[in-house]
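Architecture and fold: a report
Here is what each chain is made of, one letter per residue.
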Amino acid sequence: MRTRDDFDAQQAKDELQAFASKSGAMVCGVAAADAFDDDAPEGFRPTDILPRAKTVVVVGGNPPRAGDWASPLVELQETMGTSDRINALGLRIAKFIEDRFGYYAVFIPPGVNKGNRLFLSIMLAAELSGCGSRSLAGPILHPEYGMLFYSAIVTTLPFPIDGPMAVPACPAPACVQMWEEEATAPCLSTCAIDHEGCLGGSLADGRIAERQYDRERCTTRVYTYWIPGFQKSLEAALNEEDKERRKMILYGSFFTRTLWSMTYSAQNQAQCYECVRVCPVGLPYRTKK
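Predicted model only: the values in this text are computed from it and were never measured.

To continue, consider the pairing of strand S7 (residues 199-204). Residues in a regular strand project their side chains so that they alternate between the two faces of the sheet. Most of S7 sits inside the fold, with five of its six residues counted as buried. The turn joining S7 and strand S8 (residues 207-213), which pair antiparallel and follow one another in sequence, is formed by two residues; a positive phi near 55° is taken by Asp205.

Spelled out as structure tokens, the structure:
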């Protein structure tokens, strides 16, 4: 472990990024802890998690494989989830910071805190650290890799800050062209909010001018077999007085798939990726022979 007397923040960051890359991270960035104050509510900021927090380290990687995107069997992404691996990497990095540099580091767990809210917005962390930018489709997108899974670590170590991307990943040039010709984009046309979809918005001067997202509607599709599905099925089973009908609920395919989604797939929650499937951002990376 280094002593504070010989501490070099930039060298420490170089070591951190080398360790993250060797451990499987595709991207690694650093955000200032106080950069969250304008967008994150009180109680859900880095300093609420770790007093004297100075920075938030973000790592991204482990997206679905190219073959998963190409397969017509969309259920593959429910049962071959890769998002849990990025959480394991986040834990390793927190331990690395404490053991190597002697500063506090807290891995942000993927679960929820009070009011069913995340302990810290990982999307906001990824954006503020320059690991990606917000998109019309909703997820944070990296300009080279497209959709990644992210993990965040709050630390008292004053790493040099990266800050948000100067040029956002979304919209891609192909999306700008489609907007100019058809007043829509691939993700918007796939899940149009005006046609019982979840997404809406507009572009202006090659940038996102407006975003619309129906969170409640999307949740009913994305989290079909995840915790909300389990809670709904369990409630239905508890309220069902007929023994045979109750068995049909508990042993049927819906409840079984829900249990698989919650266990085998770890943190892979989504059952609908169609907005990202048609997104041109990161398409060269996920296109193979």
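This part covers the packing of aromatic side chains. Counting across every chain of the model gives six aromatic pairs. With centroids separated by 6.3 Å and ring planes inclined at 90°, the aromatic side chains of Phe101 and Phe159 adopt a geometry described as edge-to-face. Of this pair, Phe101 sits in helix H5 (residues 83-101) while Phe159 sits in the loop between strand S6 (149-155) and helix H7 (173-182), and the two are 58 residues apart along the sequence. The pair Phe101 / Phe159 is uniform in exposure class, with both members buried. Considering the side-chain rings of Phe230 and Phe255, the 5.7 Å spacing of their centres and the 20° angle between planes classify their relative orientation as stacked. Of this pair, Phe230 sits in helix H10 (residues 227-239) while Phe255 sits in helix H12 (residues 253-263), and the two are 25 residues apart along the sequence.

Before going further, it helps to spend a moment on the sheet that holds strand S1 (residues 27-32). The strands making up a sheet associate through backbone hydrogen bonding, with each pair oriented either parallel or antiparallel. Ordered by their spatial adjacency, four strands build an open sheet running S1-S2-S6-S3, and the pairing between neighbours is antiparallel. If you trace the sheet from one side to the other, it starts and ends with S1 and strand S3 (105-107), each paired once. Mean inter-strand twist for the sheet, computed between neighbouring axes without regard to direction, equals 25°. The pairing of S3 with S6 spans three bridges and is antiparallel. Paired with Ala105 across the bridge in S6 is Thr155. Contacts from helix H1 (residues 9-22) reach S1 and strand S2 (55-61), with the element oriented near 140° to S1.

What follows covers a negative patch on the surface. Taken together, the side chains of Asp34, Asp37, Asp38, Asp39, Glu42 and Asp48 make up a negatively charged region of the molecular surface. Considering the arrangement of structural elements, one finds Asp39 in the loop between S1 and helix H2 (46-49).

This paragraph deals with the environment of Ala105. Considering the arrangement of structural elements, one finds Ala105 in strand S3. Distance from Ala105 to Ala152, taken between C-alpha atoms, is 10 Å for residues 47 residues apart in sequence. Contacts of Ala105, omitting those with residues within four sequence positions, involve Leu50, Ala94, Ile97, Glu98, Ile153, Val154 and Thr155.

Before going further, it helps to spend a moment on the packing of H10 against helix H11 (residues 243-251). Running from N to C, H10 and H11 point in directions that differ by 165°, and their axes come no closer than 9 Å. Accordingly, the angle class assigned to the pair H10 and H11 is roughly antiparallel. For the pair H10 and H11, the sense of crossing is left-handed. Residues Ser233, Ala236 and Ala237 of H10 form the contact with H11, whose own contacting residues are Arg246, Ile249 and Leu250. Looking at side-chain class alone, the contact of H10 with H11 contains four nonpolar, one polar and one charged residues.

Moving on, we get to the side chain of Ser233. In this fold, Ser233 is placed in helix H10. Every residue in contact with Ser233, bar those within four places of it in the chain, is listed here: Ile249, Phe254 and Phe255.

Our focus in this paragraph is the pattern of salt bridges. Per the stated rule, a full pass over the model turns up seven salt bridges. Note that Arg100 is salt-bridged to Glu15, the shortest N-O span being 2.8 Å. Taken together, the positions of Arg100 in helix H5 and Glu15 in helix H1 put the pair 85 residues apart, joining distant regions of the chain. On the basis of relative accessibility, which here comes to 28%, the residue Arg100 falls in the partly exposed class. Here Arg245 ties to Glu240 by a salt bridge, and the two come within 3.5 Å at their closest N and O atoms.

With an omega dihedral of 5°, the bond running from Cys170 to Pro171 counts as a cis peptide bond. Inspection of the secondary structure assignment puts Pro171 in the loop between S6 and H7. The phi dihedral of Arg52 is positive, around 70°, even though this residue is not glycine. Tracing the backbone shows Arg52 in the loop between H2 and S2. For Ala183, which is not glycine, the phi torsion reads 60° and is therefore positive. The topology assignment puts Ala183 in the loop between H7 and helix H8 (186-190).

A few words now on the domain arrangement of the chain. Partitioning the chain into structural domains gives domain 1 (9-155) and domain 2 (225-265). With centres defined by C-alpha atoms, the gap from domain 1 to domain 2 works out at 32 Å.

Cut-offs used in this document
- Residues numbered from 1 in each chain as written.
- Predicted model: local features only at pLDDT ≥ 70, side-chain atom pairs only at ≥ 80, totals over all residues.
- Heavy atoms only, no water.
- Buried < 20%, exposed > 50% of the residue type's maximum accessible area, 1.4 Å probe, protein only.
- Helix = DSSP H or I, 4+ residues; strand = E, 2+ residues; numbered from the N terminus.
- Pairing = 2+ DSSP bridges.
- Phe/Tyr/Trp six-rings, centres within 6.5 Å; stacked < 30°, edge-to-face > 60°.
- Axes fitted to C-alpha atoms, helices over the stretch in contact; angles between N-to-C directions.
- Contact = heavy atoms within 4.5 Å.
- Patch = residues over 30% accessible without salt bridge, like charges linked within 9 Å, V, L, I, M, F, W, Y side chains within 5 Å.
- Areas by Shrake-Rupley, 256 points an atom, 1.4 Å probe, with all protein chains shown as cover.
- Salt bridge = Lys/Arg side-chain N within 4 Å of Asp/Glu carboxyl O.
- Lys, Arg positive; Asp, Glu negative; His and termini not counted.
- Charge placed at Lys NZ, Arg CZ, Asp CG, Glu CD.
- Parallel < 35°, antiparallel > 145°, perpendicular 65-115°, else oblique.
- Left-handed = near helix turned anticlockwise from the far one by under 90°.
- Nonpolar A, V, L, I, M, F, W, Y, C, P; charged D, E, K, R; others polar.
- Domains from an automatic or database assignment.

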